[in-house]
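# Fold and geometry: a report
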Amino acid sequence: MAYKIAIFNMKGGVGKSATATNLADGISRFKHKKVLLVDIDPQGTSSASLGIEIWKLETQLKDVLQSDSLSERKQRLKQAIIKECSHQVDVLPSNILLAVEELQISGLPGRENLLKRTLSEIDSEYDFILIDCPPNIGVFSINALKASDGVIVPVDMSYVGLLGVQGVEYAFNLVKNFLDHEVNVLGVLATKFDGRQKISKDVLTYLQEYFQERMFKTIIPTTVRISESPSFGVSIFEHDPKGTGARAYRDLMNELLQRL
């Protein structure tokens, strides 16, 4: 069975999609594992970052979640997954139409377990499943947290990013108290670190003191190459394989796998 990892933060712009896509690519590229990247964010950033034309999708995640029967879900799942977008990375994509259907999906029976049931049909085909979450605690994020075995929390090195940590902890408590699901935090990840800025250093120090061993030792720097690689439809390992961003995400991959 695949180990399922959600990439979650209620704040946008913290590097969730960059972390999801680069980890997925790195694990498949360097560890030769079969990986599925699930894009449950209606913005479709992870899908687009690996070169998928999200506005031309005939079948996507929303269609799978709305399936009326097991046979229909299996058929739509087969149609929706795009094979080997990068090395051994398959992608279950989304676009803004997922958000359009959120109200309808929210009304379905067992709505918080729709993704979990969907992934149970295919998790034997993969070693890892990475889930890129939207920046909120709506029905899609709850689905991702319920379906995951562990969660990575990226936090950008800004004052606003620091404030968002309280929202993340509140969200995890909601899932625990109301849905009886304990969220397993694999690690908190410092992203967009700029050593020239005092605020970056101060936020990093605070997070390291607060989270202690739950904090990843790996720090993702703010680099132009990480920011621009999605526009080329490739991971940082293809766009700038010898750069600081690629080294950081490879270090994160190794640290994550050691924790597992």
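Small disclaimer: the values here were computed from a predicted structure and weren't measured.

Along its length, the chain carries 13 helices and eight strands. In terms of overall dimensions, the chain is globule-like: its C-alpha atoms have a radius of gyration of 17 Å, near the 18 Å expected for 260 residues. Contacts in the chain between residues at least 24 apart in sequence constitute 78% of all its contacts with a sequence separation of at least 6. Only carbon and sulfur atoms are counted for the fraction: they give 50% of the accessible area of the chain, which is about 11900 Å². Counting 30 positive and 32 negative side-chain charges, the chain places the averaged centre of each group 3 Å from the other.

Applying the stated criterion across every chain, the model contains 18 salt bridges. For R29, the salt bridge goes to D25, with nearest N and O atoms at 2.8 Å. Of the two residues, R29 and D25 both sit in helix α1 (residues 16-31), four residues apart, roughly one turn of that helix. Overall, D25 belongs to the buried group, its relative accessible area being 0%.

Under the counting rule described, the total for this entry stands at four aromatic pairs. When the centroid spacing of 5.1 Å and the interplanar angle of 85° are considered together, the rings of F30 and F237 count as edge-to-face. Linking F30 in helix α1 with F237 in helix α12 (residues 236-239), this pair joins segments that are 207 residues apart in sequence. For F30, a relative accessible area of 25% corresponds to the partly exposed category.

Turning to unusual backbone geometry, a few remarks are in order. A positive phi angle, close to 55°, is found at H87, a residue other than glycine. In this structure, H87 sits in the loop between β3 (82-86) and β4 (89-92). The class for H87 is partly exposed, based on a relative accessible area of 39%.

Moving on to the state of the cysteines. A covalent bond bridging the sulfur atoms of two cysteines is what the word disulfide describes. Scanning the entire structure with this criterion turns up zero disulfides. For the unlinked cysteine C133, the closest cysteine sulfur is that of C85, found at 19 Å. Under the relative-accessibility criterion, C133 is labelled buried at 0%.

Another aspect to go through is a nonpolar patch on the surface. On the surface, W55, I96, L97 and V100 cluster together into a nonpolar patch covering about 430 Å² of accessible area. Mapped onto the secondary structure, I96 falls in the loop between β4 and α5 (97-100).

Here is what the cut-offs are and how they apply
- Numbers given to residues run from 1 along each chain, matching the order in which its sequence is written.
- With pLDDT at 70 or above as the cut-off, local features in this predicted model cover only qualifying residues; side-chain atom pairs require 80 or more to be listed or tallied, and sums for whole chains, interfaces and linings still use all residues.
- Only hydrogens and water are set aside; all other atoms, that is, all heavy atoms of the structure, feed into the side-chain values.
- Under the scheme used here, helices are H or I runs from DSSP no shorter than 4 residues and strands are E runs no shorter than 2 residues, and both carry numbers assigned from the N terminus.
- The globule rule used here is 2.2 Å times the number of residues to the 0.38 power, and the radius of gyration it is set against is calculated over C-alpha atoms.
- Whether two residues are in contact is decided by their heavy atoms: any pair within 4.5 Å suffices.
- Here the open area of atoms and residues is found with the Shrake-Rupley method and a 1.4 Å probe, where only the protein chains shown may cover a residue.
- Charge assignment in this entry is limited to Lys and Arg as positive and Asp and Glu as negative, and neither His nor the chain termini are counted.
- Every charge is mapped onto a representative atom, which is NZ of Lys, CZ of Arg, CG of Asp or CD of Glu.
- The rule for a salt bridge is simple: a side-chain nitrogen of Lys or Arg has to be within 4 Å of a carboxyl oxygen of Asp or Glu.
- Working definition: with a 1.4 Å probe on protein chains only, accessible area under 20% of the residue-type maximum means buried, over 50% means exposed, and in between means partly exposed.
- Stacked, tilted and edge-to-face are the three classes assigned to paired rings of Phe, Tyr and Trp, where Trp is represented by its six-membered ring and a pair needs centres within 6.5 Å; plane angles under 30 degrees give stacked, over 60 edge-to-face, the rest tilted.
- Pairs of cysteine sulfur atoms within 2.5 Å are what we label disulfides.
- Only residues whose relative accessible area exceeds 30% and that form no salt bridge are eligible for patches; like-charged ones are grouped when within 9 Å, while nonpolar side chains (Val, Leu, Ile, Met, Phe, Trp, Tyr) are grouped when within 5 Å.

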